[in-house]
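# Architecture at a glance
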Amino acid sequence: MKARPYLIALVLLVLVAGLLVVFRTPGSDPAQQQQRQEPSPQAAVEAGAGAGDAYYPLDGNSGYDVALYDLAITYDPQSKQLKGVAKINATAVSDLSRFNLDLEGLQVSDVQVGDKPAKFAQEDEHELVITPASPLAKGKPFTAVVTYGGEPKTVESASLGRSGWQISSTGGAFAAGQPHSATSWFPANDTPRDKAALKLSARVPDGWTAVSNGLEGPVTRDSGWTTFNWSEETPLATYLITVAIDKFEVVRSKLPNGTPVLDAYAPGTSAQKKPIQAELPEVLSFLETKFGPYPQRAAGSIWVADQIGFSLETQTRPIYASWADLEVVVHENAHQWFGDSVTISNWADICLNECLASYAQWLWLEKNGTDLDERYRGRVEELRSRSSFWAPKLYDMGKGNEFRGVYDKGIMAMHALRKQVGDDVFFKALQSWTAKHRDGNASWPEFEKHFEEASRQQLDGFFQAWFRGSGIPEDQYLLPVGVRR
C-alpha cells in the first residue's frame, strides 16, 4: 500500500486543480498551452493505491487507463520458473508523479517508463510503486515496461478458494480465478473497471503448448523452445485473461458465421469432453436468440484435467474443470455476454454475471422441453422453509460473500423478474442491455433502472425483496402473476 491513502490523493488532486484554475493566465497562445501540458513536480500527484472498489480497496489503481497489455513470458514446467516482460500501454488521467501496478509473488528487476529507467519498489502484498524519471501529464499516453520473474504462486482465499497460477496434475500450469488471478503472473491494473486489449507471446519447451485468449498467431521454434502468440483486441478485464500450458490436443474449427474456434484438451480429457464441446455452436446460436449477437471475435475452450473448484469464463476461451458438463458450457458461454462483454463496475455487482449466466442454464433446459414455471413453483414449495437458501443478498452481499446465492437463488430471482415484466419485455431488455454496454462496464443499480424503463413498472419493491434484501420475498414478489397457476 502506498504511503498516501487513495482518498487523500483525490483531495490533493482537487486542491491542486483548483489552484491551477485560480492562478492560470487566460490566453490561447500555443506555447502557453504546450507548457500547461507538462506538469511541474509540484503539480503532479500520486495515483491512488486502489481503484475504489469497496470490497477490495487496494485492488487496481487510479490515475491512468490501460489500453494494451503486451506480454512476453517464458515458462519452464520442470523448474516452475516464469520470466516475463510486460509492456503496458496506458494514458494518464491525472498529472502523475508516480503510479502503482499490482503484482503478487514475483520479483521485479527493471522498470522503464517512456524508454527511461524508472525508480520502483515492491510494497505490501501486491503493490509495485513506479516513479518515472519525469512526471506524466494528464491525457498523455505512456508505456511502462516491467521485467520480472520467479515462481508464480497460487492465490489462496478462505472464502473464495484457490485462484491465480495453478500447477496442473498433468505437469503444466494454468491461470484462472476471480477476483484475483492475473497479478499472480503479470503486473496489471487489477480492477474490472480498466479493461484493455491483450497480446501474449508465451515461450515454452518443445512438446508443450500455450493457449490464451482471442486469436491464434504464428508459432515459432528455436533451440528447444516453442513460442505461441495470441491476441485479443476486444477489451477484457484482467481476471478474464488466461494462459494455460500443457501437452494439449488442439482442435480447430469455425462457427457457421466464420468465427474461429479453438479447443484445447489436456491429456486424458478429450475422449469424454469432445462430445460436450461439440455442442458449442448450437449453444451459442441459442444464446444469441436470447441475448443478442455473440460479442466476441473467437470461441473455444480449455479443458484441464484437474478437480478445481470452479470453471471460469476466461474471455473467448473458458477454462473447464474436469467435472464440467454441458450445463457448465452453457453457463460459461453466457458469460461471454454477461461478465466478459458487459463487465461489472464493482464486485458488489457480481449478480450481473452469475445470476444471468446461471439463468441461461434454465433457458437451455426450457429449450429442451422443461416447463420453467412448473420447475420454479416446485422449487418455491421445496425451499419455503429453508431460511439458509433465502439468506444471501444478491446485490452488495459483502466481501467474501460474492458467490453465495448467485448460482441458485439467483436463478429463481431472474425467473421471477421475467414473470414480473413478461417474456417480451424481459428478453428485449436483456438484448438492449448487452448492446448498450457492449465492451464496457455496468452496475447493478443501472440494471434495475434499465428494467424499470423497459417495463414501465416501478420495481423498487421487487428488487428489494429479491436482490437487495435477505430472506424469502413476500408472496406478491415470490409468485408474480406470470408464474401463478
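Here goes a summary of the coordinates provided. No experiment lies behind these values; they were computed from the predicted model shown.

This part takes up the sheet that holds strand β21 (residues 319–320). In spatial order, the strands read β18-β19-β20-β21; together these 4 strands make up an open sheet with mixed pairing. If you trace the sheet from one side to the other, it starts and ends with β18 (249–254) and β21, each paired once. Relative to β21, strand β20 (residues 299–303) is paired through 2 bridges, and the arrangement is parallel. Bridging across to β21, I302 finds its partner in I319.

Here we come to helix α6 (residues 351–367). When the terminal C-alpha atoms of α6 are compared, their 23 Å separation across 17 residues agrees well with the 24 Å that a helix rising 1.5 Å per residue should span. Of all 17 residues making up α6, 15 are buried, and the element is well covered by its neighbours.

Attention now goes to the pattern of salt bridges. Inspection of the entire model under this criterion finds 15 salt bridges. In this structure, the salt-bridge partner of E366 is R418, at a minimum N-O distance of 3.1 Å. Residue E366 is located in helix α6, and its partner R418 is located in helix α9 (residues 409–421); the two are separated by 52 residues in the primary sequence. With a relative accessible area of 27%, E366 lands in the partly exposed category. For R418, a relative accessible area of 3% corresponds to the buried category. Among the charged side chains, a network of salt bridges with common partners joins E366, D373, R418, K419 and D423.

What follows covers the side chain of Q315. If you trace the backbone, Q315 turns up in the loop between β20 and β21. Among the residues examined, Q315 registers a relative accessible area of 0% and is labelled buried. Apart from the residues lying within four places of it in its own chain, the contact partners of Q315 are N213, G214, E232, T234, P235, L236, L240, Q296, Q336 and D340.

Quick look at the packing of aromatic side chains now. The geometry of an aromatic ring pair is captured by the separation of the ring centres together with the interplanar angle, meaning the angle of the planes. Using the criterion set out here, one finds 28 aromatic pairs in the structure. An angle of 25 degrees between the planes, with centres 4.4 Å apart, marks the rings of W303 and Y320 as stacked. Of this pair, W303 sits in strand β20 while Y320 sits in strand β21, and the two are 17 residues apart along the sequence. You'll find W303 and Y320 in the same group, each marked buried. Feature note: the residues Y359, W362, F426, F427, W433, W444, F447, F451, F462, F463, F467 and Y477 constitute an aromatic cluster, connected by ring pairs. Between K247 and the ring centre of W208, over which it is positioned, the NZ or CZ distance is 5.0 Å. Cation over ring: K367 sits above W364, and NZ or CZ is 4.6 Å from the ring centre.

Pairing is antiparallel across the open sheet formed by 5 strands, whose spatial order is β10-β11-β12-β17-β14. Because the sheet does not close on itself, it has two edges, and the strands there are β10 (154–157) and β14 (209–212). Neighbouring strand axes in the sheet, compared pairwise and without regard to direction, differ in orientation by 20 degrees on average.

It is worth spelling out the side chain of D349 at this point. Inspection of the secondary structure puts D349 in the loop between β22 (343–344) and α6. Discounting residues that sit within four places of it in the chain, D349 has contacts with I344, Y395, A442, S443, W444 and P445.

This paragraph deals with the pairing of strand β9 (residues 141–150). Pairing analysis gives 10 bridges linking strand β3 (residues 81–92) to β9, with the strands arranged antiparallel. For V85, the partnering residue across the bridge sits in β9 and is T147. Here strand β5 (residues 107–113) runs beside β9; their pairing, made up of 6 bridges, is antiparallel. Note on β9: the bridge partner recorded for V111 is V146.

The omega angle of the peptide bond from Q178 to P179 is 5 degrees, so this bond is cis rather than trans. Along the polypeptide, P179 turns up in the loop between β12 (173–176) and β13 (196–205). We note that D115 has phi near 65 degrees; this positive angle belongs to a residue other than glycine. Within the secondary structure, D115 sits in the loop between β5 and β6 (116–117). Residue D115 is classed as exposed on the basis of its relative accessible area, which comes to 73%. The phi angle at R456 is positive, at roughly 55 degrees, despite the residue not being glycine. Turning to its location among the elements, R456 is positioned in the loop between α11 (444–455) and α12 (460–468).

Calculation criteria
- All residue numbers here refer to positions counted from 1 along the written sequence of the relevant chain.
- Local features are withheld for residues below a pLDDT of 70 in this predicted model, meaning they are given only at 70 or higher, and side-chain atom pairs are given and counted only at 80 or more; totals for whole chains, interfaces and linings count all residues.
- Side-chain calculation: all heavy atoms of the structure are included, whereas hydrogens and water are not.
- Here, a strand pair is defined by DSSP locating no fewer than two bridges between the strands.
- Every helix listed is a DSSP run of H or I at least four residues long, and every strand listed is a run of E at least two residues long, numbered separately from the N terminus.
- By definition here, a helix of n residues has an expected span of 1.5 Å times n minus one.
- A 1.4 Å probe rolled over the protein chains alone gives each residue an accessible area, and that area as a share of the maximum for its type sets the label: buried under 20%, exposed over 50%, partly exposed in between.
- Salt bridge, as used here: a side-chain nitrogen of Lys or Arg that lies within 4 Å of a carboxyl oxygen of Asp or Glu.
- Throughout, a residue-residue contact means that at least one pair of heavy atoms, one from each residue, lies within 4.5 Å.
- Aromatic rings from Phe, Tyr and Trp, taking only the six-membered ring of Trp, are treated as a pair when their centres fall within 6.5 Å; an angle between ring planes under 30 degrees marks them as stacked, one over 60 as edge-to-face, and anything in between as tilted.
- Look at NZ for Lys and CZ for Arg. If either is within 6 Å of the ring centre and within 35 degrees of the ring normal, a charge sits over the ring.
- A fitted line through C-alpha atoms serves as each axis, taken over the contacting stretch for helices, and the angle formed by two N-to-C directions is quoted from 0 to 180°.

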